[in-house]
Every structure is written in C-alpha cells, then in structure tokens.
Amino acid sequence: MNQLSIYNPATAALISQVPADDAGSVAAKTAQARAAQPGWLAVPLAQRKECIVRFRAAVVAQLESLAAIMTSETGKPIKMSRNELNGLLGRIDFFLKEVDAQLVTETVFAEGGMTEQIQHIPLGVVVNISAWNYPWFVGGNVYIPALLTGNAVLYKPSEYATLTGLAMARLLHEAGVPKDVFIAVVGGGEVGAALMAQKIDGLFFTGSYSTGARIAQTLGPRMVKLQLELGGKDPTYVCEDANPKTAAESLADGAMYNTGQSCCSVERIYVHEKIHDAFVAAFLETVRGFKVGDPTNEDTYIGAVTRAPQLAVLEAQVADAKAKGATLLCGGTRLPGPGNWFAPTVFSNVNHSMELMREESFGPIIGIQKVSGDAEAVKLMNDTRYGLTAGVFTPDEARARGLLAQVNAGSVYWNCCDRVSPRLPWSGHGDSGVGLTLSTYGIQTFTRPKAWHLRSAG
Ligand code: NAD
C-alpha cells in the first residue's frame, strides 16, 4: 500500500506516515458509500442531527489535542488553531438550527384537484476535496450539511492536513455516523483525480484556481454538480476620513493572520493619498509587533508557511515588485530553517504591473498603493480576475455602501475584513469560483429540488 509522509512545516521533521489510497481503494470506497447512502437517508433527520450534536461535543472535549494536531501539520499558530475549532462550533449550531426548514416539502400550488410540491432530496454520494489552510472550516462547511441532508460523503483532506482529516473521520464515526457514510480518502492530487473518475453526484472543492479549473474541465461534460471555492486577491480601500491607526491595525491582521494563508486574506490595500503616510506608519508598527516563530508558542502570531513551494512564489513576487520600483518597507526574505519561514513583508509604491498586486500571494506579504480618490480605488479594486471579498474603511456608511455596490466580490466588508459568518453565503465572482457554502443556501446546495405534479383522480 502507498504511504503518505507527513512533515511538520515548522521543523521539517517527519511526523507520521499513513496508508494512502490508490485507484482501486478509491473505487471500493465509492462503492461502499453508494451502497450505504439510502440507509443513511432513511435514518430520521432527528437522529442524523444527534450524531452531529455528539460530534460537536467531541470537538469541544478534545479541542486541545485537535488544535495540536492541526498546528503540527500546518504550522498554524496554536491560538489560531483553537480559534478555528471554536469557530466551527457556531457553524455546526447554525446548520443544526436551520436544516429542518430546508428539508420540508413545500406545497406551492393546490387548486381544483391539482397540487404542486417541491421536495428536497439529497444529491447522493458527494465528494469533498479540501484545502489545508482552514481544514475544519472548509471541510465542515461541506460535510456537516451534506451529512445532515442525507448524503454519503467521500472526504479527501489536503495532503497537508491529513491527520486532521483522519481525526474528523474518527470523531464522526464515534458520534454515530456510519463508517461507510463518511469515508476519508487519503492522498495527494492523484487520489483527488481518482475520486473524479468515479460515479459521483456532486463534487465540492476548496483549493487553488489551477486545480479547480482542471476539475471543472474533467467533470463538466459528466453533468456532476460542481462547486469550486477558489483563491482571491482581496482588496480594501481606506478612505481619507478613516482613522488610519484603527484601519491599519485591522488590515495588518487581515493580511497576516494565519501567516497570510486565508482565502479571504487582505491581499491588496489602497489608501487615499491624504492619509497614506500615516496609514503606512501605523501598519508597519503593527506588523513589527507580530511575533514570528514556533507555532506551538502561545504568543506566536506568524507561524510557518505550510507548503515549501510557496516560498519561491513569495520570493518571485518580492523580486518582481522590487525590479518594478516598489519600496520594500520590511521583510522580503525567507527566514532561516529548518522548516518553511518567510518574514512578514510590506511594500509601498506598488502598482498593477506587479505580480504582488495581481496574483494570489498566500503568505505574509502585502502591497499598499496610494490612490487619489474613490473612482481610482474602485477601478483598481475591480482590476482583478478574482472576486472573493473586498472592503472599505470610512466612518460614512452611505459612502461605503455606494463604493461596495460597485465592487465585484462575493462578500463585502465595511470597516472590517477577513470575516466569515455561518449566516451569510460564502461565494466568489470570476476566478474565485462557482457555487457557495454557508447560510441556508449552503444547506440547500446539498439537495436537489424534485418537482411533484399531482392530479387527484376525481
Ligand atoms: P490545491 O489546489 O493545491 O489543493 C486542494 C486540494 O486539491 C487538495 O486536497 C489536493 O490534494 C487536491 N488536488 C490537487 N490536484 C488535484 C487534481 N489534479 N485532481 C483532484 N484533486 C487535486 O490548493 P491548496 O494549496 O490546498 O489550498 C490553497 C488554495 O485554496 C488557495 O488558492 C486558497 O485561496 C484556496 N482556498 C479557497 C477558499 C474559499 O473558500 N474560496 C477557502 C480556503 C482555501
């Protein structure tokens, strides 16, 4: 059997080797899930919910060890690992509260012996190919509502978050979800590709644009329901009436939290020329206060970069920005290993000829561009192939609403950033993807509407 080696990105040490799947085992697991799904659907919703309630309790009880596992394989600072697990609880509560209403059959017409109804049936067997940066969030957004609505789930954690994925499977099974209803599939891209070759009813993917595009090409002709939650190059505009210090503190956190490895990290900042210098000074002061180091330390803010190849991407963006005239204000280099380390990096005097302002960085690096006013800011914010989130800082709500209405993004923020709510749909425009998770739409998405036309015999 294949083995997957798992390394600690903060130390480069081998943590574990786990058995990995291959084409044969993937086919067998898919067949198991297919056979088990009708039985799971027959379990009353109240009992399916009880399983998820027990799963939630186990996450609470084991939170410390689950956080330690995630930190060991992703390099995420331990406090942020705890934050993610605590954040998951609110999402679970939302799904538990809302799922019943989403599954009620609706009578939309009843007249003269004719009745029309919409029934919400599960998709069937769904595959979730997941990312490593927030494995509990992006996984839970999919498999919790998918299971609650009666689907069987084949869950492939990222090869950079496999131990976390296996812990999820163990907790779900201990909570009563049958072993063939939620099945972890272990491995890298080739195992993801093997999953796509199976007869499946939905594929829910979180990851990069390039992998998402490959998946879309493969599955498009097969009419499999496809959701792709991809990357971003998320902009924020700081208006001249904003408080530069407050905005800088919030945006430095939005850019560097989780070592800049959030899909909705702030990746571009535009600042009105009137407060540009004050903003940059406050931003640098905040970033200089971020403690870089061992992610198991309580006071670490910047941990390891999870994937070693990303260091070269960051270096290339730095070199390109410098060559094109940007001003490097701090950082700009790898930090000594072992492990994958990059210094928090801030540039000013950037422009859209630079990769730094065009392509997802996914690391602790940010460009700050001076703008002359609202029109230029909106133009630059929309000058991207992505469209995940965008923000505006100003005390003036009407101005913020007016600006954000013009920006192409799935989520928009006024005086905040890098924020996800279970009550709101999470989706992207352009190359940030198709489909959505979270909100009541993010429950419905795991069902298909079946239209009933019923004429009584009399
Ligand atoms: P990735 O595309 O490298 O990998 C994602 C998953 O796809 C992994 O499980 C991987 O094994 C699998 N995979 C790789 N090649 C495959 C193939 N040919 N066929 C099938 N599966 C394959 O992405 P990543 O590095 O894990 O995640 C980082 C990216 O995810 C960033 O771009 C980030 O913005 C994005 N992301 C988006 C969201 C969102 O909600 N929009 C959330 C988190 C992360």
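Each value, and the rule that gives it
Residues numbered from 1 in each chain as written. Predicted model: local features only at pLDDT ≥ 70, side-chain atom pairs only at ≥ 80, totals over all residues. Heavy atoms only, no water. Helix = DSSP H or I, 4+ residues; strand = E, 2+ residues; numbered from the N terminus. Rg over C-alpha atoms; globule rule 2.2 N^0.38 Å. Buried < 20%, exposed > 50% of the residue type's maximum accessible area, 1.4 Å probe, protein only.

Brief notes about the overall build of the chain
Here's step 1: The secondary structure content of the chain amounts to 14 helices and 20 strands.
Here's step 2: Against the 2.2 N^0.38 benchmark of 23 Å for 458 residues, the chain shows a C-alpha radius of gyration of 23 Å, consistent with a compact globule.
Here's step 3: Its C-alpha atoms put the chain at 75 × 60 × 40 Å along the principal axes.
Here's step 4: The proportion of buried residues among the 458 residues of the chain is 56%.

Let's talk about unusual backbone geometry
Here's step 1: Residue proline 338 follows glycine 337 across a cis peptide bond; omega there is 10 degrees.
Here's step 2: Mapped onto the fold, proline 338 is located in the loop between strand S12 (327–330) and strand S13 (345–348).
Here's step 3: Despite not being glycine, methionine 223 shows a phi value in the positive range, around 55 degrees.
Here's step 4: By the element assignment, methionine 223 lies in the loop between helix H8 (209–219) and strand S9 (225–229).
Here's step 5: Accessibility expressed as a relative area gives 71% for methionine 223, which makes it exposed.
Here's step 6: Phi is positive for serine 439, which is not a glycine, with a value near 65 degrees.
Here's step 7: Relative to the helices and strands, serine 439 resides in the loop between strand S19 (436–437) and helix H14 (441–444).
Here's step 8: Of the residues examined, serine 439 reaches a relative accessible area of 2% and is grouped as buried.

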